[in-house]
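The lines below spell out each chain.
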Amino acid sequence: MSVHGAAAQPADAGATLAAVKAKGHLQCGVSQGLPGFSNPDATGEWTGLDVDFCRAVAAAIFGDSSAVRFTPLSAKERFTALQSREIDVLSRNTTWTLDRDTSLGVNFAGVNYYDGQGLMVRKSVGVADALELDGVTLCTNTGTTTELNVADFFRSNNLEYKILAFEKADEVVAAYNANRCDVYTTDVSGLAAQRLKLTEPDAHVILDTIISKEPLGPAVRQGDDQWLDIVRWTLNALVAAEELGVTSANLDEMKSSENPQIKRLLGTEGAFGDALGLSNDWAYNAIKAAGNYGESFERNLGVNTPLGLARGQNALWTDGGLQYAIPVR
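Conventions used here
Residues numbered from 1 in each chain as written. Predicted model: local features only at pLDDT ≥ 70, side-chain atom pairs only at ≥ 80, totals over all residues. Heavy atoms only, no water. Helix = DSSP H or I, 4+ residues; strand = E, 2+ residues; numbered from the N terminus. Rg over C-alpha atoms; globule rule 2.2 N^0.38 Å. Buried < 20%, exposed > 50% of the residue type's maximum accessible area, 1.4 Å probe, protein only. Contact = heavy atoms within 4.5 Å. Core = buried A, V, L, I, M, F, W, Y, C linked by side-chain atoms within 4.5 Å. Disulfide = S-S within 2.5 Å. Axes fitted to C-alpha atoms, helices over the stretch in contact; angles between N-to-C directions. Parallel < 35°, antiparallel > 145°, perpendicular 65-115°, else oblique. Left-handed = near helix turned anticlockwise from the far one by under 90°. Nonpolar A, V, L, I, M, F, W, Y, C, P; charged D, E, K, R; others polar. Polar contact = N/O pair within 3.5 Å; in protein donor to acceptor, adjacent residues only side chain to side chain.

Draft legend 1. Expanded view of the overall build of the chain. Each helix and strand counted, the chain has 13 helices and 14 strands in total. Relative to the 2.2 N^0.38 estimate, which gives 20 Å for 329 residues, the radius of gyration of the chain is 21 Å and therefore close to what a compact globule would have. Across its three principal axes, the chain shows a C-alpha extent of roughly 60 × 45 × 40 Å. Counting the 329 residues in the chain, one finds 53% classified as buried. Counted over contacts in the chain with a minimum sequence separation of 6, partners at least 24 positions apart contribute 70%.

Written out as structure tokens, the structure reads:
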């Protein structure tokens, strides 16, 4: 029953933040090793766009970007881990779809990478167009959107195909590397990352054809709107910072800015942290931890990294891209 017209709160409202604070860290579900997104380096330190986001959420809550632990998950087990409360947030190059949004008990907090499914083949086969791929065997991950996308594309173009699906991404790489399949298919960013693991990366080409839309983003359990807001607005804060020219380098200087949008973002005006159940410098702490969205992108995925990905659709809306922050006001 509502009181004074206010909507009744779900039973779990606020429970996630309380639980995270009680244990003293954020538990973040990531991939089992996807360079650029979530991947342990030689020292075991996790790096990547999705990892940066988790550190930003931890910083928004605790003021400490190290207050996070990472749980590597296969595509098949990632949603179960979220549903069973093994993790607090899933930040694992995961596509937002209607079915996942409505049937798995999860809510997506936004899109931190706009992608599309691609196809990688050996240069030696001489294929330039996806419509030449008749009768091929494709390797991919199970528990992802890729199998349905392949079915849609190949059947609509009257092409024959077979699928070899594996639970772990490294198993897919190994099978393709061993010539067990003709085509490796997953998100284009994933192909760029996994190509680095092949014996001869330069012997393979990602075709220009994109067969799907893959909006990737963080997800949380349904039923706790406060937690969804914290994760959603942390993502918005990183994008807003780039829009406003706020970086990890000039953050402290920007705290004295007279720009009202920057003042609200960095907590020098208003009390927007209160609405999230956080301190008023939550966004300042998040940006300090990860840099703005553009900094994180360039550090992990950009043209000067081994992946060499251009911003493309992930440029700001003012630069012809799709990244657009919801206003902090």
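That shown, we press on.
Draft legend 2. Highlighting the nonpolar core. Ranked by size, the top nonpolar core spans 60 residues in total, and within it Tyr113, Trp227, Val246, Leu265 and Leu266 carry the most contacts. Top contributing element to this core by residue count: helix 8 (residues 225–243), with 11 residues. Look past the residues within four positions of Leu266 in its chain and what remains in contact with it is Val246, Leu251, Met254, Lys255, Asn280, Asp281, Tyr284 and Ile287. In terms of nonpolar packing, the next biggest core, distinct from the first, is built from 14 residues, Val121, Leu133, Val136 and Ile211 among them.

Draft legend 3. Helix 7 (residues 188–195), seen in detail. Most of helix 7 is tucked away: seven of the eight residues are buried. Along helix 7, the positions that sit buried rather than exposed are Val188, Ser189, Gly190, Leu191, Ala192, Ala193 and Gln194. Looking at the buried residues of helix 7, the elements they touch are strand 7 (113–115), strand 8 (117–122), helix 6 (169–177), strand 11 (183–187), strand 12 (204–206) and strand 13 (214–216).

Draft legend 4. Summary view of the state of the cysteines. For the structure shown, the criterion picks out two disulfides. Here Cys139 pairs with Cys181 through a disulfide, and the sulfurs are 2.1 Å apart. Its S-S torsion of approximately -115° makes the covalent link between Cys139 and Cys181 left-handed. A residue pair is termed long-range when its members are at least 10 positions apart, and Cys139 in strand 9 (residues 136–141) and Cys181 in the loop between helix 6 and strand 11 qualify at 42 residues. Exposure class is identical for Cys139 and Cys181. Each is buried.

Draft legend 5. Local environment of the packing of helix 2 (residues 49–62) against helix 8. The interhelical angle for the contact between helix 2 and helix 8, taken along N-to-C directions, is 115°, at an axis separation of 10 Å. The angle between the axes of helix 2 and helix 8 places the two elements in the roughly perpendicular class. In this structure, helix 2 crosses over helix 8, and the sense of that crossing is right-handed. Contact with helix 2, carried on its side by Phe53, Ala56, Val57, Ala60 and Ile61, involves Trp227, Ile230, Val231, Thr234, Leu235 and Leu238 of helix 8 and no other residues of that element. Residues that form the contact of helix 2 with helix 8 fall into these classes: 10 nonpolar, one polar and no charged.

Draft legend 6. Region of the structure containing the side chain of Asn300. Within the secondary structure layout, Asn300 lies in helix 13 (residues 293–300). Within the local environment of Asn300, its side chain forms a polar contact with the backbone oxygen of Ser296, the two atoms lying 2.8 Å apart. Leave out the neighbours within four places in its chain, and Asn300 touches Gly36, Thr47, Gly48, Leu49, Asp52 and Thr305.

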